[in-house]
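For reference, the chains in residue letters:
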Amino acid sequence: MATYSLNINGTSHEVDVAPGTSLLWVLREHLGLTGTKYGCGIAQCGTCTIHVDGNPVRACILQVDTMAKGQQIKTIEGLSEKGDHPVQQAWITAQAPQCGYCQSGQIMQAAALLETNPNPTREEIKSYMNGVLCRCGTYLRILKAIEMAKEQTSKTT
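The structure presented is a predicted model; accordingly, all values stated were derived computationally and were not measured.

1. Overview of helix α2 (residues 86-94)
Two residues of an α-helix separated by three or four positions point the same way, owing to the 3.6 residues in each turn. Those residues of α2 not exposed but buried are Val 87, Gln 88, Ala 90, Trp 91 and Ala 94. Seen end-on, α2 carries its buried residues on one side only, within an arc spanning 165°. In α2, the exposed positions angled more than 90 degrees off the buried face are occupied by Ile 92 and Thr 93. Gln 95 lies just past α2 and shows a positive phi near 50°.

Put into structure tokens, the structure is as follows:
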């Protein structure tokens, strides 16, 4: 076991885990941040998407050793304090989820898109979201939610 210091959602956390432990399991099992879900374990489905230094990444393939170097890690729990991030609000309004399992990954990917490109075209949204899979196939509602969030964020900037 080794002790690692991680900056997650603006708070420093000390964890004692084996070197090479997946960041996903550290988040879920050691810190109780269960919003980030396990999907495939090989970074192909996007269900475990989090932000590291503002970039969307797949937590399932990140090792805790490489994340204890001062990076800013953000999970779905850290996206907004009250669930009022424009993407989260649009998700509710558009009724984007069906089973909901992939939704934290979808929301984190969409939030990263709107951070870097506040006014994406429909094709840019599709391209950026392409790596986050939805087994229920709610892609049209997800697309609608992102377009709604885009409109909301353009009103506030």
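2. Thoughts on the layout of surface pockets
A volume near 190 Å³ is recorded for the largest pocket. Lining the largest pocket are Gln 106, Ile 125, Lys 126, Met 129, Asn 130, Val 132, Leu 133, Tyr 139, Leu 140, Ile 142, Leu 143 and Ile 146. Counting residues per element, the ones that place at least two in the lining of the largest pocket are α4 (122-129) and α5 (139-156). At five residues, α5 tops the list of elements feeding residues into the lining of the largest pocket. Class assignment of the residues belonging to the lining of the largest pocket gives a composition of nine nonpolar, two polar and one charged.

3. Here's the deal with the nonpolar core
Among soluble globular proteins, nonpolar side chains are generally buried collectively. Val 87, Trp 91, Ile 142 and Ile 146 are the most contacted members of the largest nonpolar core, which has 22 residues in total. Those elements giving two or more residues to this core turn out to be α2, α3 (103-116), α4 and α5. Setting aside residues up to four positions removed in sequence, Val 87 forms contacts with Ile 107, Ala 110, Ala 111, Leu 114 and Ala 149. Leu 6, Val 15, Val 64 and Met 67 belong to the second largest nonpolar core, which has 20 residues in total.

Analysis parameters
- Residues numbered from 1 in each chain as written.
- Predicted model: local features only at pLDDT ≥ 70, side-chain atom pairs only at ≥ 80, totals over all residues.
- Heavy atoms only, no water.
- Buried < 20%, exposed > 50% of the residue type's maximum accessible area, 1.4 Å probe, protein only.
- Helix = DSSP H or I, 4+ residues; strand = E, 2+ residues; numbered from the N terminus.
- Arc of directions from axis to C-beta.
- 1 Å grid on protein atoms, 1.4 Å probe; cavity = no way out; pocket = protein on both sides within 12 Å on 5 of 7 lines; lining within 4 Å.
- Points joined across faces, edges and corners; volume = space filled by probe spheres on them.
- Nonpolar A, V, L, I, M, F, W, Y, C, P; charged D, E, K, R; others polar.
- Core = buried A, V, L, I, M, F, W, Y, C linked by side-chain atoms within 4.5 Å.
- Contact = heavy atoms within 4.5 Å.

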